[in-house]
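Here is what each chain is made of, one letter per residue.
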Amino acid sequence: RQLDNMEYARQARERKEQEMQADNEAQRLQSHYLQTCPLLTEDTRFAINVNEKHRFRPDHFKGFEKDHVDRLYKENDAVVEAKRRISNYEAESESNWASYHAEVVNKMSDAEEAKQRIIAEENRVQKEILSRQKEELEQRNVQMEKERLAEIGSEFFTRFGQSCR
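Position numbers for residues count from 1 along each chain, tracking the sequence in the order it is written. The model is predicted, so local features are restricted to residues of pLDDT at least 70 and side-chain atom pairs to those at 80 or more, both for listing and for counting; the totals for chains, interfaces and linings are taken over all residues. To get the side-chain values, take all heavy atoms of the structure and skip hydrogens and water.

Moving on, we get to the overall build of the protein chain. Broken down by element type, the protein chain carries three helices and zero strands. Each residue's exposure class comes from its accessible area (1.4 Å probe, protein chains only) as a fraction of the maximum for that residue type: buried when under 20%, exposed when over 50%, partly exposed otherwise. Burial statistics for the protein chain: of 165 residues in total, 3% are counted as buried. Accessible surface computed for the protein chain: about 16100 Å², of which carbon and sulfur atoms make up 54%. Secondary structure elements follow DSSP: runs of H or I no shorter than four residues count as helices, runs of E no shorter than two count as strands, and numbering proceeds from the N terminus. Surface accessibility follows the Shrake-Rupley procedure with a 1.4 Å probe radius. Residue values consider only the protein chains on display as shielding.

So this is what it looks like as structure tokens:
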């Protein structure tokens, strides 16, 4: 029984080793295929038309040449730089506009406060004038009431005959 178990363990070990060897071999073959397959590599010569060297077959396009790729990167960098400059300019103009707007709002609020102070002062002056006029009216009314019901007093007779007429 122990011999049978040892035999089973040896067979399992051998089977495992064979599976690992088979996996390694499959990985090696797949890696070799991926590295050499003309469909997956970037060999740009593969896309050249055999009959006309200046034309490319679009179904076999494998990428651009290095100098063309470098030129594309430079163009992309220029576009990114232009966008950055535009963004900075827009942010600066937005900041300028915001500060101008805040300044205008402050000036308008100051002007409104000054207007409100002037209105309040004018109202105060107007109230004083009205109160003075009211007092004068009351005094006139009292005076008119006295004169309306005027009685002949001792003064009336003392002034008799003193006028130039």
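So, about the packing of aromatic side chains. A pair of aromatic rings is counted whenever rings of Phe, Tyr or Trp (Trp by its six-membered ring) have centres within 6.5 Å, and the orientation is called stacked for planes under 30 degrees apart, edge-to-face for over 60 and tilted otherwise. Applying the stated criterion to the full structure yields one aromatic pair. Ring geometry for Trp97 against Tyr100: centres 5.5 Å apart, planes inclined by 40°, an arrangement best described as tilted. Remark: Tyr100 and Trp97 occur in helix 2 (residues 66-148); sequence separation between them is three residues, near one turn of the helix. Since its relative accessible area comes to 45%, Tyr100 is described here as partly exposed.

Turning our attention to the pattern of salt bridges. Each reported salt bridge corresponds to a side-chain nitrogen of Lys or Arg within 4 Å of a carboxyl oxygen of Asp or Glu. Applying the stated rule across the entire model yields eight salt bridges. The partner of Arg84 in a salt bridge is Glu81, with the nearest N and O atoms 2.1 Å apart. Placement of both Arg84 and Glu81 in helix 2 is noted, with a separation of three residues, approximately one turn of the helix. For Arg84, a relative accessible area of 42% translates into the label partly exposed. Linking Glu121 and Arg124 is a salt bridge whose minimum nitrogen-to-oxygen distance equals 2.3 Å.

Mean pLDDT over the protein chain works out to 86, with 79% of the residues at or above the 70 mark. pLDDT is defined as a per-residue confidence score from the predictor, taking values between 0 and 100. Of all helices and strands in the protein chain, the one with the weakest mean pLDDT is helix 3 (residues 154-158) (70), whereas helix 2 scores best (94).

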